[in-house]
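Below are the chains, spelled out letter by letter.
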Amino acid sequence: MDQSPSLSRTTKRLAADAAGIAEAAAILRAGGLVALPTETVYGLAADATAGTAVAGIYAAKERPSFNPLISHLPDLAGARRQGLFDANALALAQAFWPGPLTLVVPASPGCTVSDLARAGLATVALRVPAHPVAHAVLEAAGRPIAAPSANRSGRISATSAAHVLADLDGRIDAVLDAGPTEVGVESTIVACLDGAPRLLRPGGIPRAALEGVIGRPLVQAGEAGQAPIAPGMLTSHYAPAARVRLDADAPREGEAWLGFGPETHSHPHALNLSPTGDLREAASHLFGYLRRLDETGRKTIAVARIPEQGLGEAINDRLRRAAAPR
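Residues numbered from 1 in each chain as written. Predicted model: local features only at pLDDT ≥ 70, side-chain atom pairs only at ≥ 80, totals over all residues. Heavy atoms only, no water.

1. Quick look at helix α4 (residues 87-96)
Burial in α4 covers these residues: Asn88, Ala89, Leu92, Ala93 and Phe96. Down the axis of α4, the buried set is contained in an arc of 130°. They therefore lie on one face. For α4, the exposed residues set more than 90 degrees away from the buried face come down to Ala87 and Gln94. For α4, the secondary structure elements touched by its buried residues are α3 (76-82), β5 (101-106), β9 (188-191) and α7 (207-214). (Buried < 20%, exposed > 50% of the residue type's maximum accessible area, 1.4 Å probe, protein only. Helix = DSSP H or I, 4+ residues; strand = E, 2+ residues; numbered from the N terminus. Arc of directions from axis to C-beta. Contact = heavy atoms within 4.5 Å.)

2. Examining the environment of alanine 161
Within the element layout of this structure, alanine 161 appears in helix α6 (residues 161-168). Placed 18 residues apart in sequence, alanine 161 and glycine 179 show a C-alpha to C-alpha distance of 6.9 Å. Leaving out residues up to four positions away in the same chain, alanine 161 has contacts with Arg13, Tyr42, Val175 and Asp177.

3. Thoughts on the packing of aromatic side chains
The relative placement of two aromatic rings is captured by the distance of their centres and the angle of their planes. In total, this model carries three aromatic pairs according to the counting rule given. Between the aromatic rings of tyrosine 58 and phenylalanine 66, the centroid separation amounts to 4.7 Å while the plane-to-plane angle is 80°, which identifies the pairing as edge-to-face. When its relative accessible area of 0% is taken as the criterion, phenylalanine 66 is described as buried. Note on phenylalanine 85 and tryptophan 97: the rings are 6.0 Å apart at their centroids and 70° apart in plane angle, and the pair reads as edge-to-face. (Phe/Tyr/Trp six-rings, centres within 6.5 Å; stacked < 30°, edge-to-face > 60°.)

Pasting the structure below:
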């Protein structure tokens, strides 16, 4: 069983030249992990459209829960294929992209960012970075790239390739070394969802500059009666309408079944996160399978026991949230 990230891989150190950028993009297209420089810190990049690749980010970082990740695009046109931009979102993007601004918008009908990268939400967090090396990789990769900070969860963010390797050597495929980053605050995050743009996280773009573009005050996170929905925040995850029963040995009469590992019984409303017990595969299927089982109309989804180790810790964290009283 895949209980933890492989520590046997060799992490390449790529130069930030044409050959290194091309190799980094090829690794990302193949589902690998590459640490990239951004305007502020190095990000741990993976193909945002592939759930198993995104699961690799969580495994490498030992991230304790599945929070939504920012998906990076090379330009506004690419971002608009992934999300629905109202007038405020469009004005902010035109004013501050490329740059340290993340916009949380409704996912478009054609959004290709995976359920896992969006933490099962109907929204998507998008950014167009300004760093020339990151931009070149995004152009070459030709797809949205998820990239939280390139460090193990809870540790200091990496501002050089050496910092990345100190934390993640042997856990990722490559680091694209463009020298030290310009150390600064993280991107500002603004949600444009209901006509009243909300400031979810202060960052590299000051509030006054944002308000100058949209011509109105930003609502502070929490003031609009909704939980924040962005990286680094308390997260409102997708919760099924059905009750969720955890650590089940088998489904009861009338229940849907979310399995894990080899199974001998059959069930008409059942999906298996990973028949082979691969936790990375299970993570990639988690949100989509919960949604599909919810759509069966069963009042309860019974869930098999999942090991509380490696990615299993994050999977169980998400399932406990789904099972919580509401």
